[in-house]
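Secondary and tertiary structure notes
What follows is the residue order along each chain.
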Amino acid sequence: MVAYQRFPPPVAQRDAVEHYWMVEAPGSPAEVKREILIPNGRPGLAVALAEPGTRQDPLTGDRWTNDAALFGIMTRPHVLTQTGMSSYVGAELKPWGIAALGLPDRLVDGVLPLAAWTDPRTTERLARELAGLKFGQPRADRLAEFVGRRLQVVRQVDLVDRAVRVIEEARGSLPVAEVASAVGVSYSTLYRVFAGAIGLGPKQYGEIIRYFHFVGGLLGGPADAQATLAALHGYYDQAHAARDFKRYTGVSATSFRAVQKGIAELMHGRSVQDGGQSLR
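Here is a short report on the structure shown in this document.

1. Observations concerning the nonpolar core
Generally speaking, soluble globular proteins have nonpolar side chains that are buried together. Leu70 and Ile198 are the most contacted members of the largest nonpolar core, which totals 54 residues. When near neighbours in sequence (up to four residues on either side) are disregarded, Leu70 contacts Gly44, Leu45, Ile98, Leu101, Leu103, Leu107, Gly110, Val111, Leu112, Leu114 and Trp117. Within the second largest apolar cluster, nine residues are counted, among which are Trp21, Val23, Phe71 and Val111.

Spelled out as structure tokens, the structure:
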């Protein structure tokens, strides 16, 4: 039986952390589980308390051990593969969360092991202490303590926060000029502040949000990659519809097909429903 819980961050961390989460699920070494992680405009941190799984970019083939690491905002789905028992504790950060942790590289589509950010001894101690605590609030509190000691102030975070809210309420459909007008700054100021805090401009961030709502919904249905593409047949095949496809999905038809093909290969022909799906 899968156990999953979320916990709100301490009040002092609400400008940088969305929530803390943890999950545990039984499994055997012979059982391979796969789930598709859909980009949602949020970076995060995860610590494995059992045998770690792997994350893989279906487009580039890049693979990371899902051990103890910081993950930047993704611009395309990843496939998570797990064998044996699954046990993780993590934090979902605000879109500017990597900047709030003081990293100069915003890690867009990247991963930074905690051991490289802090040091191996600190990372090992954190994982050991988390594993020794009861599943629930005690683990969330310990990870919050670890994160809280490393948080820094992000410049003009209120402006970035307001812009993110405008973009997300419109599901990424507003032109950047309208987003800038809504938050009361010039286009150039919005781009400079937004990209500095998040690592992406507001236009690309809006594309991720569109992808999350549109493509994430497709992948959440009881269809494999080929069936998903078939459902859109005649839409992405029409040259004059290419602009609308990107408008509604956040990616070009060519990129969408390439990612879907990679997902299908990584899932070994299994359906998305069978493989599992997460919008975390």
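On we go from here.
2. Quick notes on the side chain of His19
When you line up the elements, His19 lands in strand β2 (residues 17–25). His19 sits in the buried class, given a relative accessible area of 8%. Those residues in contact with His19, other than ones at most four positions away along the chain, are Tyr4, Arg6, Phe7, Pro9, Gly90, Ala91 and Glu92.

3. Topic: the pattern of salt bridges
A full pass over the atoms with the stated rule returns nine salt bridges. Note that Arg76 is salt-bridged to Asp57, the shortest N-O span being 2.8 Å. On the criterion of sequence distance, the pair formed by Arg76 in the loop between β7 (68–71) and β8 (78–83) and Asp57 in the loop between β5 (53–56) and β6 (63–66) is long-range, its members being 19 residues apart. Exposure class is identical for Arg76 and Asp57. Each is buried. Among the ionic pairs, Arg142 bridges to Glu129, the shortest N-O distance being 2.6 Å.

4. Observations concerning the sheet that holds strand β4 (residues 44–48)
The six strands are arranged β1-β2-β9-β4-β7-β10 in an open sheet whose pairing can be described as antiparallel. Two strands in the sheet have a free side with no partner beyond their single neighbour: β1 (3–7) and β10 (111–113). Within the sheet, the average angular offset between the axes of one strand and its neighbour, ignoring direction, is 20°. Alignment of β4 against β7, held across four bridges, turns out to be antiparallel. Counterpart to Ala46 in the pairing with β7 is Ala69.

5. Focus: the side chain of Thr75
Take Thr75: it is sitting in the loop between β7 and β8. Only 2.5 Å separates the side chain of Thr75 from the side chain of Asp109, close enough to count as a polar contact. Once residues lying within four places of it in the same chain are set aside, the contact partners of Thr75 are Pro39, Val108, Asp109, Gln204 and Ile208.

6. Considerations on the packing of helix α5 (residues 157–169) against helix α7 (residues 187–198)
When two helices pack together, their arrangement is given by the angle between the helix axes and the distance between those axes. Interhelical geometry of α5 versus α7 gives an angle of 95° and a closest axis separation of 10 Å. The angle between α5 and α7 falls in the class roughly perpendicular. Of the residues in α7, those in contact with Leu159, Val160, Ala163, Val164 and Ile167 of α5 are Leu190, Val193, Phe194, Ala197 and Ile198. Grouping the amino acids of the contact of α5 with α7 by side-chain chemistry returns ten nonpolar, no polar and no charged.

7. Focus: the environment of Pro175
Mapped onto the elements of the fold, Pro175 is located in the loop between α5 and α6 (176–183). Among the residues examined, Pro175 registers a relative accessible area of 42% and is labelled partly exposed. On a C-alpha basis, the gap between Pro175 and Lys203 in space is 7.4 Å, while along the polypeptide they are 28 residues apart.

Basis of the calculations
- Each residue is numbered by its place in its chain's sequence as written, counting from 1.
- Where local features are concerned, this predicted model is filtered to residues with pLDDT of at least 70; where side-chain atom pairs are given and counted, the filter is 80 or more; whole-chain, interface and lining totals use all residues.
- Based on all heavy atoms of the structure, the side-chain values leave hydrogens and waters out of the count.
- Grouping buried Ala, Val, Leu, Ile, Met, Phe, Trp, Tyr and Cys residues that are joined through side-chain atoms within 4.5 Å yields what is termed a nonpolar core.
- For each residue, the accessible area found with a 1.4 Å probe, counting protein chains only, is set against the maximum for its type, and the residue is called buried under 20%, exposed over 50%, and partly exposed in between.
- Contacts between residues were defined by any pair of non-hydrogen atoms, one from each residue, lying within 4.5 Å.
- A run of H or I in DSSP becomes a helix once it reaches four residues, and a run of E becomes a strand once it reaches two; helices and strands are each numbered from the N terminus.
- The term salt bridge refers to a pairing of a side-chain nitrogen on Lys or Arg with a carboxyl oxygen on Asp or Glu at a separation within 4 Å.
- Strand pairing is assigned whenever DSSP detects at least two bridges linking the two strands.
- To define axes, lines are fitted to C-alpha atoms, for helices over the stretch in contact only, and angles between the resulting N-to-C directions are given on a 0 to 180 degree scale.
- Identification of polar contacts relies on pairs of N or O atoms within 3.5 Å, with a donor-acceptor requirement for protein atoms, meaning one able to donate a hydrogen and the other able to accept it, and with residues adjacent in sequence counted only if both atoms are side-chain atoms.
- In these notes the angle categories are as follows: under 35 degrees is roughly parallel, over 145 is roughly antiparallel, 65 to 115 is roughly perpendicular, and the rest is oblique.
- Any residue outside Ala, Val, Leu, Ile, Met, Phe, Trp, Tyr, Cys, Pro, Asp, Glu, Lys and Arg is labelled polar, Gly included; the first ten of those are nonpolar and the last four are charged.

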